[in-house]
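Read off the chains here:
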Amino acid sequence: MKSWPALYLPDTSDIDFPELRLNADRGIGDFSDLTNVRLYVCGITPYDATHLGHAATYLTFDMISRYLIATGKEVSFVENITDIDDPLLERATRDGIDWEDLAGNQIDLFRADMTALHIIPPQSFIAVTEVMPLVEAAISQLRDRGFTYLVDQDTYFDISSFLGDLPIPYEQALAIFAERGGDPDRVGKRNQLDPILWLSHREGEPSWPSVHGMGRPGWHIECSVIALRYLLGENFLTVSGSKSSLIDIQGGGSDLVFPHHFMSGAQAQALTGVPLSRSYIHGGMVGLDGQKMSKSLGNLVFVSKLLQSGRDAMAIRYALLLDHYAADRMWSDEILQTAESQIADIRSALSREDLPDVTGLINSINLDLADDLNTPSALAHLHQWSKELPSPDQYVISPGAGGRLARYLDAVLGLAL
Ligand code: ZN
């Protein structure tokens, strides 16, 4: 699938960056020993893109990528599109449109929103409908290794070997599994938490031919397969068992901790014998004016609508960075107004030709970012600097300081001001 346009990242090689440490939900958020960081981020199901919850998630991994790149590492970045799944088909039926048209339109909108927000595009932006033969082969390998069974014509994954790694208590897991697309009460399953790998053809739904029958893949196996294929290469099903993990960061919103990341990790490990990811990093949820933001409440705020109403994409980005990535937070128009006002202060300072040296400011922002991406503190330092500049007779003017700081903010914070 076509990604969105590549970004130009200004050179920051004259700056010393401390190593990034992230507080991973699972695994180790330390990448200091790596020269290439393999990042997989779970992408959209294209039917309600891009609301601010999505934007916050993709911004989080964009910030992580930018910082790692600034420290001299390469980042191999893969993102999927769940362009076949129950919610997409339900929405297409509800609205009386073809599911492929709905997905295509939403993916176009998502690309435009990511471009406006200065999100670095993935090298591989892969839709599940592009990888059906790979999913088929992976399910065959799981079958050969004894991890699958049939209920009627549907193929399930046997999760029993991985239940010791459940991130939450079993009873809680069952409830969340049911809420997020699982079928715990289906008769014939070995374990209520077993996820579907291949759903046999249902009347009125699209399906693909495979040795497992006509049908379509379950949600979790698509991410196991896309992550492995596009981060490890074509021979991903025969990967060596000597590695400690297959990739370095598995990312997404905190609503993916269970079941999606647990299941896709278990399936990748069942396929290869190696744990999927060195670290699991999750972004918090975004609410609106004191309420959870959700499609059922009908209060989703869309990036495209904000942009159409004339709001500045850089202010949206800045506003989302005013909270810590892992925190659940509330959105309101006041937060966007705060961002617009602070950006005006910073732009005004950057335009001055008589600024002092900015190395101290850059170093303090770097320390904030290296400490689990503490963007609230970084932006506070930046804004405070812009408001509290002493008069030029109190310091030595550093020619080009404004340009130097602007290039740093563009490269590391993604703020082109
Ligand atoms: Zn995923």
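Residues numbered from 1 in each chain as written. Predicted model: local features only at pLDDT ≥ 70, side-chain atom pairs only at ≥ 80, totals over all residues. Heavy atoms only, no water.

**Q** Got a minute to help me understand the pairing of strand S11 (residues 247-253) in this structure?
**A** The side chains of a regular strand alternate between both faces of the sheet. Counting buried positions along S11 gives 7 out of 7 residues, so the element sits mostly inside the fold. Bridge count for strand S4 (residues 36-41) against S11 is 3 bridges, and the pairing is parallel. Paired with Tyr 40 across the strands is Gln 250, a residue of S11. A crossover links S11 with its parallel partner strand S12 (residues 277-283), the connecting element being helix H7 (residues 257-272), and its sense is right-handed. (Buried < 20%, exposed > 50% of the residue type's maximum accessible area, 1.4 Å probe, protein only. Helix = DSSP H or I, 4+ residues; strand = E, 2+ residues; numbered from the N terminus. Pairing = 2+ DSSP bridges. Right-handed = clockwise from strand over helix to strand, strands pointing away.)

**Q** Is there a simple way to think about the coordination of the zinc ion in this case?
**A** As a benchmark, a tetrahedral metal site with four donors has ideal angles of 109.5 degrees, while an octahedral site with six donors has ideal angles of 90 or 180 degrees. Looking at the metal site, the zinc ion is ligated by Cys 42 (SG), Cys 223 (SG) and His 260 (NE2), spaced 2.0 to 2.1 Å from it. Linear spacing of the donor residues for the zinc ion on their chain is C-x180-C-x36-H. Within this pair, whereas Cys 42 is found in the loop between S4 and helix H1 (52-70), its partner Cys 223 is found in helix H6 (residues 219-232), the two being separated by 181 residues in sequence. The buried category is assigned to Cys 42, whose relative accessible area is 4%. (Donors = N, O, S within 2.8 Å, 3.2 Å for Na, K, Ca; no water.)

**Q** Would you take a moment to explain the sheet that holds S11 for this structure?
**A** Hydrogen bonds between backbone groups are what pair the strands of a sheet, and the pairing can be parallel or antiparallel. One open sheet accounts for 6 strands, arranged S2-S12-S11-S4-S5-S6; its pairing is mixed. The sheet is open, and its two edges are formed by strand S2 (26-27) and strand S6 (124-127), each paired on a single side. Seen against the sheet, H1 touches S4, strand S5 (74-81), S11 and S12 and runs at an angle of roughly 150 degrees to S11. H7 rests against S2, S11 and S12 of the sheet, and its axis sits at about 155 degrees to S11. (Contact = heavy atoms within 4.5 Å. Axes fitted to C-alpha atoms, helices over the stretch in contact; angles between N-to-C directions.)

**Q** How do you make sense of the packing of H1 against helix H9 (residues 313-321) when you look at a structure like this?
**A** For any two helices packed against each other, one specifies the inter-axial angle together with the distance between the axes. Interaxial distance between H1 and H9 falls to 10 Å at its minimum, and their mutual angle equals 80 degrees. In terms of axis orientation, H1 runs roughly perpendicular to H9. Counted together, Leu 52, Ala 55, Ala 56, Leu 59, Asp 62, Met 63 and Arg 66 of H1 and Ile 316, Arg 317, Leu 320 and Leu 321 of H9 form the full contact between these two elements. Of the residues that constitute the contact of H1 with H9, the class distribution is 8 nonpolar, no polar and 3 charged. (Parallel < 35°, antiparallel > 145°, perpendicular 65-115°, else oblique. Nonpolar A, V, L, I, M, F, W, Y, C, P; charged D, E, K, R; others polar.)

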